[in-house]
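Structure assessment
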Amino acid sequence: MDSETLTDRLDAPVEVHGSIPNTTDELRRLAHDGAPHGTTVVADELTAARGRTGSAWSAPSGGLWTSTLVRPSFDADHVGRLTFAAGVAVADAVSSLGVDARLKWPNDVLVSNANESQSARSADDVLVAEKKLAGVLTESVHDGVPVAGKPVDEVFPDGDAPLDYVILGIGVNANVDPTAVEADRPVTSLRAATGDDVDRTELAVRLHENLLRRCRQAESDDGFAAVLDDYRAASETLGRTVRIERRGRASVEGIARDVTETGALVVETGEETVVVTEGECRRLRGQ
């Protein structure tokens, strides 16, 4: 990636790294030192990447691994809006490359297997409907305490959670070989979807622009309603029969009907309607 071009074109401070443990830790340090809204850390490779539940995941050279600092003008209970904003921003950015991305609750960006170039598909790919292209990790920091991958009120049940800032970590499998990505689910890349390498510098610029625009929208009620409409339109989860595995709690199975303003998934089980705030969501086969 071209550091000079990114610095010139992004209307915010940017750090570009070849290899770094993870972009979020570096950006948190910059935020603590007073970095402004929109500051971004970009890397070619992560050596200690973390997923939504804190588990390690693969971020090899050739991807677009970013963390962006957001200082929103709303209270802590609206942080969930930014996960929706980020997912839609990724879909916006890759659509400019002719890739039709779908959004899987809570934080995955998928591409239909049919969109992959023939040379990128294996004999078993016909059995896979969608593959993961990108992921979003929202980390909010409250009075110096980071909260990632779970609702704020589960960490601060008394509601005393002043919001310092939010870090939106976005990883896109850009020019990577999907077979080189260690993951617990099928993955794809923009190279596999388009048949050629993409300009990661240009992609980083478009992603940054779309991300800040969508985050601005999410700060007002009317703007966030528009973000939610776009999220629902791109959702691969809503209307499907799903099972959500929850840590330390019973799983929930039913039809995903909607999402709430705080980021929860509304599931109709047939016996009751359950509002799910976190978990691993899987679409049931044939649904």
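Computed from a predicted structure; not experimentally measured.

1. Some words on the overall build of the protein
Helix and strand counts for the protein stand at 7 helices and 13 strands. Relative to the 2.2 N^0.38 estimate, which gives 19 Å for 287 residues, the radius of gyration of the protein is 18 Å and therefore close to what a compact globule would have. Dimensions of the protein along its principal axes, counting C-alpha atoms only, are 55 × 55 × 35 Å. Buried residues in the protein amount to 52% of all 287 residues. In the structure as shown, the protein presents an accessible area of about 12900 Å², 45% of it carried by carbon and sulfur atoms. Distance from the positive charge centre (30 side chains) to the negative charge centre (49 side chains) of the protein: 5 Å.

2. Things to note about helix 2 (residues 23-32)
Residues of helix 2 that are buried include every one of Thr23, Thr24, Glu26, Leu27, Leu30 and Ala31, and no others. Projected down its long axis, helix 2 carries its buried residues within an arc of 160 degrees, all on one side. The elements touched by buried residues of helix 2 are strand 1 (14-20), strand 2 (40-46), strand 3 (64-70), strand 6 (130-142) and strand 8 (163-172). You can read the cap of helix 2 off the contacts: a side-chain oxygen lies 3.3 Å from the backbone nitrogen of Thr24, and it is on Asn22. Looking one or two residues past helix 2, Gly34 carries a phi angle of roughly 95 degrees, positive in sign.

3. A few points about a negative patch on the surface
On the surface, Asp2, Glu4, Asp8 and Asp199 cluster together to form a negatively charged patch. Tracing the chain through its elements places Asp8 in helix 1 (residues 3-9). Among the residues examined, Asp8 registers a relative accessible area of 61% and is labelled exposed.

4. Description of the packing of aromatic side chains
Remark: the centre distance and the inter-plane angle together describe each pair of aromatic rings, the angle taken between the planes. Inspection of the entire model under this criterion finds 2 aromatic pairs. Relative to Phe224, the ring of Phe84 lies with its centre 6.1 Å away and its plane at 45 degrees, an arrangement referred to as tilted. Here Phe224 lies in helix 7 (residues 221-234) and Phe84 lies in helix 3 (residues 80-95), a separation of 140 residues in the sequence. Within the aromatic cluster, the residues linked to one another by ring pairs are Phe84, Phe224 and Tyr231.

5. A short note on the pairing of strand 2
Counting buried residues in strand 2 gives 6 out of 7 residues, a clear majority hidden from the surface. Two strands pair when backbone bridges link them, and strand 1 and strand 2 are joined in this way by 6 bridges, in the parallel orientation. Residue pairing in the sheet places Ile20 in a bridge with Leu46 of strand 2. At this point the chain moves from strand 1, through helix 2, to the parallel strand 2, and the crossover so formed is right-handed.

6. Looking at the sheet that holds strand 10 (residues 249-259)
Note on sheets: strands pair through backbone hydrogen bonds, and any given pair is parallel or antiparallel. Read from one edge to the other, the open sheet built from 5 strands follows the order 12-11-10-9-13, with strand pairing classed as antiparallel. Each edge of the sheet is formed by a strand with only one pairing partner; in this case those strands are strand 12 (273-276) and strand 13 (280-283). When the angles between neighbouring strand axes are averaged without regard to direction, this sheet yields 45 degrees. Note: strand 9 (residues 241-246) against strand 10, 5 bridges, orientation antiparallel. Bridge pairing links Arg243 to Glu253 in strand 10.

7. Regarding the domain arrangement of the protein
One can read the domain layout of the protein as domain 1 (3-236) and domain 2 (237-286). Taken over C-alpha atoms, the centre of domain 1 sits 22 Å from the centre of domain 2. Contact residues are listed per partner, giving 23 residues for domain 1 and 21 residues for domain 2. Of the roughly 1800 Å² buried at the junction of domain 1 and domain 2 (both faces included), carbon and sulfur atoms supply 45%.

About the thresholds
Residues numbered from 1 in each chain as written. Predicted model: local features only at pLDDT ≥ 70, side-chain atom pairs only at ≥ 80, totals over all residues. Heavy atoms only, no water. Helix = DSSP H or I, 4+ residues; strand = E, 2+ residues; numbered from the N terminus. Rg over C-alpha atoms; globule rule 2.2 N^0.38 Å. Buried < 20%, exposed > 50% of the residue type's maximum accessible area, 1.4 Å probe, protein only. Areas by Shrake-Rupley, 256 points an atom, 1.4 Å probe, with all protein chains shown as cover. Lys, Arg positive; Asp, Glu negative; His and termini not counted. Charge placed at Lys NZ, Arg CZ, Asp CG, Glu CD. Arc of directions from axis to C-beta. Contact = heavy atoms within 4.5 Å. Polar contact = N/O pair within 3.5 Å; in protein donor to acceptor, adjacent residues only side chain to side chain. Patch = residues over 30% accessible without salt bridge, like charges linked within 9 Å, V, L, I, M, F, W, Y side chains within 5 Å. Salt bridge = Lys/Arg side-chain N within 4 Å of Asp/Glu carboxyl O. Phe/Tyr/Trp six-rings, centres within 6.5 Å; stacked < 30°, edge-to-face > 60°. Pairing = 2+ DSSP bridges. Right-handed = clockwise from strand over helix to strand, strands pointing away. Axes fitted to C-alpha atoms, helices over the stretch in contact; angles between N-to-C directions. Domains from an automatic or database assignment. Buried area = accessible area lost by both parts, 1.4 Å probe.

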